[in-house]
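Listed below are the residues making up each chain.
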Amino acid sequence: MGRTRARDAEHPEARLDHGGIARVIPSEFTTGFELIVDDTPQSHVDLDDPTHLHFEYVVRMGAVIDQLTSAGAPLTAVHLGAGALTVPRYIEATRPGSRQQVIELEAPLAALVREHLPLPRGASIRIRIGDARAGVPKLPPALTGACDLVVSDVYSGAQTPAHLTSVEFYREVSELLAPAGVLLVNVADGPGLAFARRQVATIAHVLPEVALLADTQVLKGRRFGNLVIAASASPLPTAWLPRMLAAGPHPAKIAQDGEVTAFAKGVRIVTDADAVASPKPDASIFLR
């Protein structure tokens, strides 16, 4: 269907149930469209090329996803947080026949995306409306222990809600994973990386194999940005990732093993009793 459908209306928008306005606008920097919630870019989608991921942290998620199971083989995936469905579209394009479930809190946002950024015809991507944490136990029982991938990328405005950062939450999510399944978590943090360090410690308490993917300056805590946490109960398929990430298009580093241990050393895990939302980012978090 290409971009024609999405350009039919001038900046289509929807008022969200929990506040704010979501808009779909043509990208000013590249091909495709951006989903903006208030002033925060949430997603980038290129209907003509779903493999064009654009945002740096999503490119890094894609690099991990490419390593899962056999190349091109269908995946069973659950996505917490829909945005404009960038990652589900990528998986459908690169691994046809994948079965994907998406949990999205905002029905108006999901409707806006469906209408103005339509999914590929025949894609097996089911969107369920509701809170991500409350929705996980309501997923089909057949998904328990069967998911190759779970992606947690939930933002209320520009922050991850506190109840989606605790060890109790990650235990619930981990039950979806197959023995070699991988959890990907998008974490936004700034200088000092206090929030990210606690997230790594918390996730590692549940899934012992952990890697961090980020821009080097972000990983050193020198500027605000996104870190992708990859975690599994089994060794992660990361053999080729260091070379891929260093090559670009957005050069980055992958921290593993001792580096991850040092990153989270002495940090308390997050529980439901003391969980807090992620820090509020500035506009530079979404590099173009």
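For the structure given in this document, a descriptive report is provided here. (Residues numbered from 1 in each chain as written. Predicted model: local features only at pLDDT ≥ 70, side-chain atom pairs only at ≥ 80, totals over all residues. Heavy atoms only, no water.)

Bringing the packing of aromatic side chains into the picture now. Aromatic ring pairs are reported here in terms of the distance separating the ring centres and the angle at which the planes meet. Counted under the stated rule, the structure contains one aromatic pair. The ring of Phe-263 has Arg-197 lying over it, and the distance from NZ or CZ to the ring centre is 4.5 Å. (Phe/Tyr/Trp six-rings, centres within 6.5 Å; stacked < 30°, edge-to-face > 60°. Lys NZ or Arg CZ within 6 Å of the ring centre and 35° of its normal.)

Across soluble globular proteins, you tend to see nonpolar side chains buried next to one another. Judged by nonpolar contacts, the single largest core of 38 residues is most densely connected at Leu-80, Leu-183 and Leu-227. In terms of nonpolar packing, the next biggest core, distinct from the first, is built from 27 residues, Leu-184, Ala-211, Ala-230 and Leu-241 among them. (Core = buried A, V, L, I, M, F, W, Y, C linked by side-chain atoms within 4.5 Å. Buried < 20%, exposed > 50% of the residue type's maximum accessible area, 1.4 Å probe, protein only.)

The subject of this paragraph is the pairing of strand 8 (residues 147-152). The buried fraction of strand 8 amounts to six of the six residues, a majority that puts the element mostly inside the structure. One ladder, built from four bridges, connects strand 5 (residues 76-80) with strand 8; its direction is parallel. By the bridge assignment, His-79 is partnered in strand 8 with Val-151. In this sheet, strand 9 (residues 177-189) lies alongside strand 8 in parallel orientation, the contact comprising five bridges. Across the sheet, residue Val-151 finds its bridge partner in strand 9, namely Leu-184. (Helix = DSSP H or I, 4+ residues; strand = E, 2+ residues; numbered from the N terminus. Pairing = 2+ DSSP bridges.)

This part covers helix 6 (residues 194-206). Between its terminal C-alpha atoms helix 6 stretches 19 Å, which fits the 18 Å expected from 13 residues at 1.5 Å a residue. All buried positions along helix 6 are accounted for by Phe-195, Ala-196, Arg-198, Gln-199, Val-200, Ala-201, Thr-202 and Ile-203. The elements touched by buried residues of helix 6 are helix 5 (167-174), strand 9, strand 10 (209-214), strand 11 (225-232) and helix 9 (258-263). (Expected span 1.5 Å × (residues − 1). Contact = heavy atoms within 4.5 Å.)

For the rest of this paragraph, the subject is helix 3 (residues 107-116). Those residues of helix 3 that sit buried are Pro-108, Leu-109, Ala-110, Leu-112, Val-113 and His-116. Buried residues in helix 3 make contact with strand 1 (13-15), strand 2 (21-26), strand 3 (33-37), helix 2 (86-94), strand 6 (99-104) and strand 7 (125-129).

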